[in-house]
Amino acid sequence: MQKGIRLNDGHVASLGLLARKDGTRKGYLSKRSSDNTKWQTKWFALLQNLLFYFESDSSSRPSGLYLLEGCVCDRPGGFTLAGAGPGQHYFTVNFSHENQKALELRTEDAKDCDEWVAAIAHASYRTLATEHEALMQKYLHLLQIVETEKTVATQLRRQIEDGEVEIERLKAEIATLLRDNERIQSTQTVTPNDEDSDIKKIKKVQSFLRGWLCRRKWKTIIQDYIRSPHADSMRKRNQVVFSMLEAEAEYVQQLHILVNNFLRPLRMAASSKKPPITHDDVSSIFLNSETIMFLHQIFYQGLKARISSWPTLVLADLFDILLPMLNIYQEFVRNHQYSLQILAHCKQNRDFDKLLKHYEAKPDCEERTLETFLTYPMFQIPRYILTLHELLAHTPHEHVERNSLDYAKSKLEELSRVMHDEVSETENIRKNLAIERMIIEGCEILLDTSQTFVRQGSLIQVPMSEKGKITRGRLGSLSLKKEGERQCFLFSKHLIICTRGSGGKLHLTKNGVISLIDCTLLEDPESTEEEAKGSSQDIDHLDFKIGVEPKDSPPFTVILVASSRQEKAAWTSDISQCVDNIRCNATGVAPGLRGVTVLPWPQQPSLPMGRRQAGPGGPTAGSWASRARAVSGTLCFQAGGGGGGGGGARVGVARRHREVPAPFALSSSPSLHTPATRSPGVTVGKCPEIGKGLTQDLLPQAEGVKAEPFENHSALEIAEQLTLLDHLVFKKIPYEEFFGQGWMKLEKNERTPYIMKTTKHFNDISNLIASEIIRNEDINARVSAIEKWVAVADICRCLHNYNAVLEITSSMNRSAIFRLKKTWLKVSKQTKALIDKLQKLVSSEGRFKNLREALKNCDPPCVPYLGMYLTDLAFIEEGTPNYTEDGLVNFSKMRMISHIIREIRQFQQTAYKIEHQVKVTQYLLDQSFVMDEESLYESSLRMEPKLPT
């Protein structure tokens, strides 16, 4: 860093004029005098890293200047400078020179003060200086390494030279001994005797024993290495690479058949005199498949070249070359569905269909159709992502390719997400355009790209009389079913009602385009007794009413009748969900969950209309905010499913900005403990032995198989078996346990036994992870355990097991683990960055905003974090009454609860296809070495004692 410059008066005057003219910042500032007694107003001008000050803005010669390089400029926080006055803003410039006093300045405007601070900070080049120092340190470190290598090379050369001299000396001695031996043998003949034969036998036995011991030693060394986790990991890594080579060869062969057996012959057929297909159709069907083939042929050749240099497998540079070119898949995937439509249209031509069947009958195709070959490129990007996941699972963190492979995996995942979004948007646009073409009058709202198709189907529209009532006796008539049949299309913003015409065309009905933002859904329309008697029992409870109040026209009502109760439930739930989403987006409130089904609510005892209020113990509007705070403030861990225990650790405020998401809401404050009342109509089965592990009842246990230690299992095996256990526990929870906040009652073990077992399993795994880290006395072993568990969490994220991600990240933030400063200093930067990424994913910030987004974009199988849903249910139960002010059932509350349970059931129904490994699951379920919270903290203090204050 430059500490000073040499300037004469001419230089200073010239630079001062240049600063007055072209300075980046100019203006009046008050400067504290050198004796700190008063403030002097000067006119300052900033030129690059020089700060000039003049007596006034008309002065031609500067009074002085400051060299700002390496300085620190900031505003004093929490205190004021001596002599400070109201409405004045101060900032100081601290120079890097030891003997130079800090410069204190002030302005009258806060904005001007901030701009001066920013300009001086930019002129100090402190960031560049810091980077320069870091680079110089690295440069000096590299110079030391080079010098060390040179010294070592010189020593090795000297040793080689000494060895050559020693070899020549030994050769001369051997030659001399050979000559002496020949001379002795020529002068006298030696007769063998018994002593010489015995000596020879002894020497042979000794030689045999030395060889046997040497071979045994090397065999032991090799067997130990073969059994080591590192060798096992490298073997599995090589197997993944060999499998990748085979899969790539098969894929290239498939592309070769697609191009040579279909694309090129059809191009030639399109150029014939009577073409069965046009060139445009050929291009639309095959898209850029030929370019994809050329790309993968190059990649396959590079992969074979890497395999030829086995066991040194370096693949990262191949993916670096492949990644920029994989964008060509976007065009193929985006138009894949369209290409299949074009192919189906061309097959209607007999000549083309006959020619295509001739091509498909070739031996290379192995009875596979053209559609099959066109589908293969759709799965290649996900195949690469899975391969890289497996490869990273068996690649050590210190491996030279680790970062490159991780970068390639992230880029492929990003490309996959982009392609998925583009395909969804393209298919939605094509669906909307197809419906718009079917409507004879046209429909402009379907040209809006934000209009998302939801569902379609046939419903019966009931005509209304002039007074707005249903015509008596018409609900059950056959003529109504024929005349009133309508084809309905539900979109995210509109409902379209059409009648069928000839040739498959559609006609819009009067008021056939309904904006959902103006709608109110009534699932059970009111009817008089006479109307009920006149209606048919066949469609009883199958109709629903939509009240529409447009801004520019009079209100009207649409009554639709479904064919079954299931269809009615599907239509009403989807319509209500779309209406809720539109209104939530308009008001800025978070929308509800996807996938709606109206579940039957337990029947309440009949009450008089005047007395059917919120129900016993129901919260008032004023208590809702305090109750919500109480629920959110009481989320904690619990061990063993009880109300407390030694294994529980209450999670407080996140330390050092490491946010710990709140786990299951199982221990509430006394304000939330209401008398336990079982809801009528809900039966909760009792399950004794709450402490017994649920997973031990669900998985087959092998006899005589002992749990192996943590080091014997790879991160991939632990992640897969942990995911299998978590999903087995999660899917056993019956939906009845989600009603009535049973997990927050005093008799929670009887009312919600499976939720309590799920909580116990969560805490057991968290305690297991913390105990596995703490039980290692060696600091390097603790670092290795932390990095391995973080790798397990990352694989669980890829498997959509967000419950395990939270189990692992929460255990890392326990006080016994978090306080190990020496251990965390040795953890790699990549692992710390990965921990921050995973904690951000499962953070409770914004009502688990990131986790909800991940669940929204992932497909089952999946293990969500149950505590998030329990918190939602608690808020709904506490903040919304069961009955409206008019004494009617609050269907809005029932629908919100239904949304949550529907999503939980969706994740419960899809199972993982993971093979059960008994040794791994027995390790995860083994509680023999697990320590409680107090023991964990005592062991942590013993390993790294507290520093004296």
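As the structure is a computational prediction, the values presented were derived from the model and not from experiment.

Draft legend 1. Here's a closer look at the overall build of the chain. Check the secondary structure of the chain and you find 32 helices and 14 strands. Taking the contacts inside the chain whose residues are at least 6 apart along the sequence as the reference set, 70% of them involve residues at least 24 apart. Total accessible area on the chain stands at roughly 52,500 Å², and carbon and sulfur atoms take up 54% of it.

Draft legend 2. Seen up close, the pattern of salt bridges. Going through the model one piece at a time under the given rule, you end up with 30 salt bridges. Here Asp794 ties to Arg797 by a salt bridge, and the two come within 3.0 Å at their closest N and O atoms. Of the two residues, Asp794 and Arg797 both sit in helix α23 (residues 779–798), 3 residues apart, roughly one turn of that helix. Arg797 shares its class with Asp794; the two are buried. Residues joined in a network through salt bridges with shared partners are Asp406, Lys409, Asp794 and Arg797.

Draft legend 3. Summary view of unusual backbone geometry. The omega torsion across Pro860 and Pro861 is 5°, close enough to zero to call that bond cis. Looking at the secondary structure, you find Pro861 in the loop between α28 (845–857) and α29 (866–879). Of note, Glu366 is a non-glycine position whose phi angle comes to about 55°, a positive value. Within the secondary structure layout, Glu366 lies in the loop between α11 (350–360) and α12 (370–375). Here the phi dihedral of Gln741 falls at roughly 50°; this positive angle occurs in a residue that is not glycine.

Draft legend 4. Looking closely at the packing of aromatic side chains. For the structure shown, the criterion picks out 18 aromatic pairs. Taking 5.7 Å as the distance between ring centres and 15° as the angle between the ring planes, the aromatic pair formed by Tyr66 and Phe95 counts as stacked. Of this pair, Tyr66 sits in strand β4 (residues 64–67) while Phe95 is found in the loop between β6 (89–94) and β7 (103–107), placing the two residues 29 residues apart along the sequence. Here Tyr66 matches Phe95 in class, with each residue buried. With centroids separated by 6.2 Å and ring planes inclined at 85°, the aromatic side chains of Tyr735 and Phe739 adopt a geometry described as edge-to-face. According to the relative accessible area criterion, Tyr735 is partly exposed, its value standing at 34%. These aromatic residues form a ring-pair network of at least three members: Phe44, Tyr53, Tyr66 and Phe95. The ring of Phe710 has Lys788 lying over it, and the distance from NZ or CZ to the ring centre is 4.5 Å. Between the NZ or CZ atom of Arg819 and the centre of the ring of Tyr937, over which it lies, the distance is 6.0 Å.

Draft legend 5. The UniProt feature "coiled-coil region" (unreviewed entry) in the chain, seen in detail. UniProt's entry tags residues 153–187 with the feature "coiled-coil region" (unreviewed entry), counted in the numbering of this structure. From the first C-alpha to the last, residues 153–187 spans 51 Å; its make-up is 100% helix and 0% strand.

Draft legend 6. Region of the structure containing the sheet that holds strand β13 (residues 543–548). With respect to topology, 7 strands assemble into an open sheet ordered β11-β10-β9-β8-β14-β13-β12, the strand pairing being antiparallel. Unpaired on one side and paired on the other, β11 (506–515) and β12 (519–522) mark the two borders of the sheet. In this sheet, neighbouring strand axes are inclined to one another by 35° on average, regardless of whether the strands run parallel or antiparallel. In this sheet, strand β14 (residues 556–561) lies alongside strand β8 (residues 453–462) in antiparallel orientation, the contact comprising 3 bridges. Looking at the pairing, Val462 lines up with Ile559 of β14. Sheet strands in contact with helix α14 (residues 402–438) are β8, β9 (485–491) and β11, and its direction is about 30° off that of β8.

Draft legend 7. How the structure looks around helix α1 (residues 9–22). The terminal C-alpha atoms of α1 lie 20 Å apart, and with 14 residues this matches the ideal 20 Å at 1.5 Å per residue to within 8%. Taken together, the buried positions of α1 are occupied by Val12, Gly16 and Ala19. Buried residues of α1, viewed axially, fall in a sector of 65°; they line one side. Residues of α1 that are buried sit in contact with β1 (25–32), β2 (39–47), β3 (50–54) and β4.

Rules behind the numbers
Residues numbered from 1 in each chain as written. Predicted model: local features only at pLDDT ≥ 70, side-chain atom pairs only at ≥ 80, totals over all residues. Heavy atoms only, no water. Helix = DSSP H or I, 4+ residues; strand = E, 2+ residues; numbered from the N terminus. Contact = heavy atoms within 4.5 Å. Areas by Shrake-Rupley, 256 points an atom, 1.4 Å probe, with all protein chains shown as cover. Salt bridge = Lys/Arg side-chain N within 4 Å of Asp/Glu carboxyl O. Buried < 20%, exposed > 50% of the residue type's maximum accessible area, 1.4 Å probe, protein only. Phe/Tyr/Trp six-rings, centres within 6.5 Å; stacked < 30°, edge-to-face > 60°. Lys NZ or Arg CZ within 6 Å of the ring centre and 35° of its normal. UniProt positions renumbered as here; feature names shortened; annotations may be inferred. Pairing = 2+ DSSP bridges. Axes fitted to C-alpha atoms, helices over the stretch in contact; angles between N-to-C directions. Expected span 1.5 Å × (residues − 1). Arc of directions from axis to C-beta.

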